Amino acid sequence: ECMLSTPLEATLHVELAECWMTSVSSSGGSSNKKDDSNSSNNSNLPLLLQARQHMAQALELDPTNTRAAWGLLQCSNLYLQQSSSAAQGAAADPFQDEVAVALMEHAGSILMKKYKGQPMEAAVKRLVQE
């Protein structure tokens, strides 16, 4: 309901994306289904896509939102990890992988600009380059 009433609120997009990511990571990166690991990784991909979409939307609404930039970086990274492990059992979507890489680069550039000249710059640079 909150999202429908205020769709231009970046904070709500971030919080919703964090909920999607938490639902994936709280189950150890796999769904609650008792399938093999490839199919459970596959079932997490739509959740990660939703989270990625909301993090990207939050950054579009508020380009200074550091929490959204970190979230987009983390979400895209997790998507690529899950996608590569799921690709062994099913066909991966190379387009979504390319989008994830591009979004990681975008979030990384935002974070590097944000932390330039700050004491945390070296640590952020290492994290972004991983």
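Up top is the structure.
Summarised in this report is the structure supplied together with it. Just so it is clear, the structure is predicted and the values come from calculations on it, not from any experiment.

The next subject is the overall build of the protein. Looking only at helices and strands, one finds six helices and zero strands in the protein. In sequence order, the secondary structure elements of the protein are arranged as α-α-α-α-α-α. Put simply, the protein has 130 residues, and 33% of those count as buried. Of all intrachain contacts in the protein linking residues separated by at least 6 positions in sequence, the fraction that spans at least 24 positions is 67%.

With 22 residues, helix 5 (residues 94–115) should cover 32 Å at 1.5 Å per step; its first-to-last C-alpha distance of 31 Å lies within 8% of that length. Turning to helix 5, its buried residues are Gln96, Ala100, Leu103, Met104, Ala107, Gly108, Ile110 and Leu111. Projected down its long axis, helix 5 shows its buried positions confined to an angular sector of 165°, all on one face. Seen from the buried face of helix 5, the exposed residues on the opposite side, beyond 90 degrees, are Pro94, Phe95, Glu98, Glu105 and Lys113.

The subject of this paragraph is the packing of helix 5 against helix 6 (residues 121–129). Running from N to C, helix 5 and helix 6 point in directions that differ by 175°, and their axes come no closer than 9 Å. Put simply, helix 5 runs roughly antiparallel to helix 6. Packed against helix 5, whose contacting residues are Gly108, Leu111, Met112 and Tyr115, the element helix 6 presents Glu121, Val124, Lys125 and Val128 at the interface.

According to the stated counting rule, one finds one salt bridge in the structure shown. When the shortest N-O distance is used, the salt bridge between Glu18 and Arg67 registers 2.6 Å. Of this pair, Glu18 sits in helix 2 (residues 10–25) while Arg67 is found in helix 4 (residues 66–86), placing the two residues 49 residues apart along the sequence. The exposure class assigned to Arg67 is partly exposed, which follows from its relative accessible area of 46%.

Glancing now at the packing of aromatic side chains. Under the defined criterion, the tally for this structure stands at one aromatic pair. A cation over a ring is seen here: Arg52 above Tyr79, with NZ or CZ 5.1 Å from the ring centre.

What follows is about the nonpolar core. Core analysis: the biggest nonpolar cluster contains 19 residues, and Met55, Leu59 and Leu72 have the highest contact counts within it. Those elements that provide at least two residues to this core are helix 2, helix 3 (37–61), helix 4 and helix 5. Leave out the neighbours within four places in its chain, and Leu72 touches Arg52, Met55, Ala56, Leu59, Leu103 and Ala107. Val24, Leu45, Leu78 and Ala100 belong to the second largest nonpolar core, which has six residues in total.

Rules used throughout
Residues numbered from 1 in each chain as written. Predicted model: local features only at pLDDT ≥ 70, side-chain atom pairs only at ≥ 80, totals over all residues. Heavy atoms only, no water. Helix = DSSP H or I, 4+ residues; strand = E, 2+ residues; numbered from the N terminus. Buried < 20%, exposed > 50% of the residue type's maximum accessible area, 1.4 Å probe, protein only. Contact = heavy atoms within 4.5 Å. Expected span 1.5 Å × (residues − 1). Arc of directions from axis to C-beta. Axes fitted to C-alpha atoms, helices over the stretch in contact; angles between N-to-C directions. Parallel < 35°, antiparallel > 145°, perpendicular 65-115°, else oblique. Salt bridge = Lys/Arg side-chain N within 4 Å of Asp/Glu carboxyl O. Phe/Tyr/Trp six-rings, centres within 6.5 Å; stacked < 30°, edge-to-face > 60°. Lys NZ or Arg CZ within 6 Å of the ring centre and 35° of its normal. Core = buried A, V, L, I, M, F, W, Y, C linked by side-chain atoms within 4.5 Å.

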